[in-house]
Every structure is written in structure tokens, then in C-alpha cells.
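# Inside the fold
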Amino acid sequence: MDINEFIQKLQGEFEDIPAGFLKPETKITDIEGWGSMHALIVIALIDTEYGVTLKGDELRKVQSVQELYDLVIQLKKNQQ
Amino acid sequence: MGACIKAISYYLPEKILTNEELSRIFPEYTPEEIFRRTGVKERRIAAADEIPSDSAVFATEKFFAEHPSCKKEDIDFLIFTTEMVDRRGPATACVLQNTLGLPTQLGAIDIPMGCSGFVYGLMVANALINTKVAKNILFLTGDAATKVIHPRDHELRMIFGDAMAVTLISESENAGIGSFVLGTDGSGAPNLIVEGCCGAEKPTREWLDKYADTGGMPYGMLSMKGTEILNFSLKKVPPLIKELLEKEKLSLEDIDLFVFHQASGFILEVLRRKIKIPKEKFFTNIEYLGNTVAATIPLALYDAMKAGKAKKGDKVLIAGFGIGYSWGATILTI
């Protein structure tokens, strides 16, 4: 999985984000209407697609899409 | 010989809180958005002076009216499962024996459990019957979560509702209740908790003053970290189901219906997909009841049976999970 694939999957979960809006450097909190529901959707997506379950605290520390991707990769590595 | 669920009934308070009404209180959310977030369209709200022991009386009266072949004089054990007991002592179940007009020759206990409460109470009832302590157990499960929700906490108000279920568990020729898998992780306690009501967190003058504008939150106040609860559910529920199926030497396909604690529409759907349960085998009724804590599973069982989705002889897997953290599951043969 590379970051573009990751972004595509994220994009697929958020109907209200215009195509191309999400980039590695995009701040997660800049996503329109970002809130608790989005956090839940992200946790569920990453669990389903990558088999790692993020904690709320871990997600809260993440700023950009790149950081979120790096976290998922790191957690996946720790798991193996 | 074994134990089985002989009959179920439930009671709902009259007052309905719709998404339209919530949307008027929290204009930043449309009724559709509330439904999308929670899977709930309406929930019931207990009257201001109605606490679970009152609901228990209404529910029990309804139960015996609906099931005339069940007699109060045959009840030899009473279990009251709620997180909102009347007082520190005596046990609310003892008081209810008298209020409900049940025989004095019965055992009565409270089990103060929430989301997993139905599974835990059922486990105790099953054990009581299998050890010949009791033959007919009246099992009351329900709560009044809306009493411990701050009026401005939109997330919790969207999810929770009030209800009380009555289940009769009786000795039977064939065991209708399978083995249990249970789990507990108290490190999750702070993530779903009612504070400011007793013991470790007494209601202080400061507390009552802080919430004076909402009546002082005298029953305590519920707080939930939604992301942690999702994380917990994703981590614990799929292995719970797997372990139970292995214990019972069954596969996912052998189960006719899955009835989970109706936590939220979102969590239910995520779990259904993760465990790979087909939609038609996954019963939900959160849409018009909300999360009624310990009452969700019996409410869903009742509705599933009424809708013909759980028929005689069917294997129904029930799973409760949440506040504690506490979780448990078993397989019923209807």
C-alpha cells in the first residue's frame, strides 16, 4: 500500500470532500466538518483495510494525512 | 435438563424523542445527519420522576398480562439488572419482591451491569437453574440512561433511550442456553463512565453547583469517549464471537441470527462487516429504540421473534459489550 492508495480509500469514505482535496500534507482537521464522526469512520476504515485498530488518543495526535499514513504503517510493523 | 428463555416482554416510556426534536435543540445537525451518525430515528425517555425500579413495575405488569400462563406464584428467583439501583441498601430486587407481589420464598439480587448486563444476568440465571437453586427466574433488565446525560451532550442524547425488559428463564427439558464466553478489562472504565453519584465520586456541593442549571445532575453524569469505545468493540467483539463458536464447535453459518447489544448503528455495522455476518442474519432495532443499555438484547430478541426472524429451534448468538469494559456472549436455542 502506498500513500496514494491510502488517500483514495480515505476519499472514498468522505462523500463531502471534493476530489483531489486530500494530499499527504493536508491537515486532517481542515477536512470540512471534521469531528467525532469522522474519527470513528477513519478508525473503522483503517481497521477494515489495514487490520490495525487506532486508539482515539493516537488519532488525536496526528496532524496530516502523511502522519496518519505513517502511523498506520508503524502500527502494522509493530504487529508483525 | 437445562434452562431456557420461556417468555420476554418489554415496556417503553411514553415520551418519544425524535430526530426532528433533537435537530431543533441542536440546529447544527439535521434529522438525517443524526440518523446517519447513530442509526437512531427515535428513542424513549422515562418521565422525570420515573427511575428503573418504577419501569420494572410497569414492565412486569405488562409481562404477566401478556403471558397469562406465567404465574407470579411460580417465580422463585428475581434478578434486577440495572446501573441505576434505588439506593445503596437494601437491594432494589428485595424491594421489588414486595412491590411486584412476588412470593417471599424467592431469592432476589441486583446485578449492577450495563451493556453486557443481559448476558451476565442470563449466565447467573442459567447457573441457578442448573444447580437446582431455582426453576423460574424473573429477570428484569433496563436502565434510565437519559437521566445521566447532560442536556447539552448532543452525542449521547442522540444515541441513548430508556426501556425495561422482562425475561422469564425456566427449567426446561432441553437446554436453550449454551455456554458462555466472558471478559472484563477495567482499564477501560474511564472511557464510558457515570460520575458524580456515589462511592468513589460523591456528589459534592461543587458538583451540584456546577450543574445547577440542569438540576444538578443528581443521578450522576455519563461520559463516553466514542473513539475508544469503537476501538474496544473492534478489538474485543470479533474474538469473542470466534471463541464462543469454537467452544460450541459451531461455525458462523450454523447461527441463524445474531443479536448484539445495540450500541450504535455505526458500531453495529462496522462489527457486522468485520465479523462477516450476512445482513439478513444480523438483527437490529436501534432505529426506533436507541441504545437502552442492559435492555437492548431482550428488546431485540422480542422484536426478532415477533418479526419471525428468530423461530422455534433457531440458534441465536447474543453478545453484550461495553461499559466496564465488560463483554460476554452465548448461544440461545429458541
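A brief look at the structure comes next. (Residues numbered from 1 in each chain as written. Chains lettered and ligands numbered in written order. Predicted model: local features only at pLDDT ≥ 70, side-chain atom pairs only at ≥ 80, totals over all residues. Heavy atoms only, no water.)

## Quick look at the overall build of chain A
For clarity, the threshold we go by: Put simply, DSSP marks the helices as runs of H or I at least four residues long and the strands as runs of E at least two long, and each gets a number from the N terminus on. A radius of gyration in this sense is built from C-alpha atoms; the matching globule rule multiplies 2.2 Å by the number of residues raised to 0.38. Exposure is judged per residue with a 1.4 Å probe applied to protein chains only, and the accessible area is read against the type maximum: over 50% gives exposed, under 20% gives buried, and values in between give partly exposed. Every residue pair with non-hydrogen atoms within 4.5 Å of one another is taken to be in contact. Each accessible area is a Shrake-Rupley estimate made with a 1.4 Å probe; only the visible protein chains count as cover when residues are assessed.
Counting secondary structure elements, chain A contains four helices and zero strands. In summary, chain A has a C-alpha radius of gyration of 12 Å against a globular reference of 12 Å for 80 residues, a match within 12%. For chain A, the spread of C-alpha atoms along the three principal axes comes to 35 × 25 × 20 Å. Of all 80 residues assigned to chain A, the portion counted as buried reaches 45%. The long-range fraction of contacts in chain A, counting pairs at least 24 apart against all pairs at least 6 apart in sequence, stands at 55%. For chain A, the accessible surface area stands at approximately 4500 Å², while carbon and sulfur atoms represent 47% of it.

## Section: the sheet that holds strand S14 (residues 326-333) of chain B
All names here are of chain B. Stated formally: Following DSSP output, two strands are said to pair if at least two bridges run between them. Every axis corresponds to a line fitted to the C-alpha atoms, with the helix fit spanning only the stretch in contact, and the corresponding angles, defined between N-to-C directions, vary from 0 to 180 degrees.
Spatial strand order, S8-S14-S13-S11-S12: five strands in an open sheet with mixed pairing. Looking at which strands have only one partner, the edges of the open sheet turn out to be strand S8 (177-184) and strand S12 (282-283). Strands in contact with helix H8 (residues 226-247) are S8, strand S11 (257-260), strand S13 (315-322) and S14; relative to S14, the strand with the most contacts, it is inclined by about 35 degrees.

## Observations concerning the packing of helix H1 (residues 3-13) of chain A against helix H2 (residues 36-50) of chain A
All names here are of chain A. Basically, it comes down to this: Note on terminology: angles under 35 degrees are roughly parallel, angles over 145 are roughly antiparallel, angles of 65 to 115 are roughly perpendicular, and the others are oblique. For a crossing to be left-handed, the near helix must be turned anticlockwise from the far one by less than a right angle; the clockwise case is right-handed. Each residue gets one label: Ala, Val, Leu, Ile, Met, Phe, Trp, Tyr, Cys and Pro are nonpolar, Asp, Glu, Lys and Arg are charged, and the others, such as Gly, are polar.
At a minimum axis distance of 11 Å, the contact between H1 and H2 shows a crossing angle of 130 degrees. Comparing the axis directions of H1 and H2 gives the class oblique. With respect to the hand of their crossing, H1 and H2 are arranged in right-handed fashion. Where H1 approaches H2, its residues Phe6, Lys9, Leu10 and Glu13 are matched on the opposing element by Ile41, Val42, Leu45, Ile46, Glu49 and Tyr50. Taken together, the residues of the contact of H1 with H2 break down into seven nonpolar, no polar and three charged.

## Some details on the nonpolar core
Rules: We call a set of buried Ala, Val, Leu, Ile, Met, Phe, Trp, Tyr and Cys residues a nonpolar core when their side-chain atoms join them within 4.5 Å.
Residues A:Leu68, B:Ile241, B:Phe260 and B:Leu317 are the most contacted members of the largest nonpolar core, which totals 74 residues. B:Ile241 has contacts with B:Leu252, B:Phe258, B:Phe260, B:Ile275, B:Leu317 and B:Ala319, leaving out every residue within four places of it along the chain.

## Structural notes on the side chain of B:Ser233
All names here are of chain B. Looking at where Ser233 falls in the secondary structure, it is placed in helix H8. The buried category is assigned to Ser233, whose relative accessible area is 1%. Setting aside its immediate chain neighbours within four residues, Ser233 contacts Pro238, Ile267, Leu271 and Phe321.

## Section: the interface of chain B and chain A
A common way to express how large an interface is: the accessible area buried when the components associate. Note the threshold: Here, a salt bridge means any Lys or Arg side-chain nitrogen found within 4 Å of an Asp or Glu carboxyl oxygen. Whenever two N or O atoms come within 3.5 Å, that pair is a polar contact, provided that in protein one can donate a hydrogen and the other can accept it, and provided that, for residues adjacent in sequence, both atoms are side-chain atoms.
Taken together, the contacts link 13 residues of chain B with 14 residues of chain A. The interface formed by chain B and chain A contains one salt bridge. The shortest N-O distance in the salt bridge between B:Lys274 and A:Asp47 comes to 2.8 Å. Applying the counting rule to chain B against chain A returns seven residue pairs in polar contact (both at pLDDT 80 or more). Element by element, the count of residues in the side of chain B that touches chain A is highest for H8(B), at seven residues. Partitioned by chemical class, the residues of the side of chain B that touches chain A number four nonpolar, three polar and six charged.

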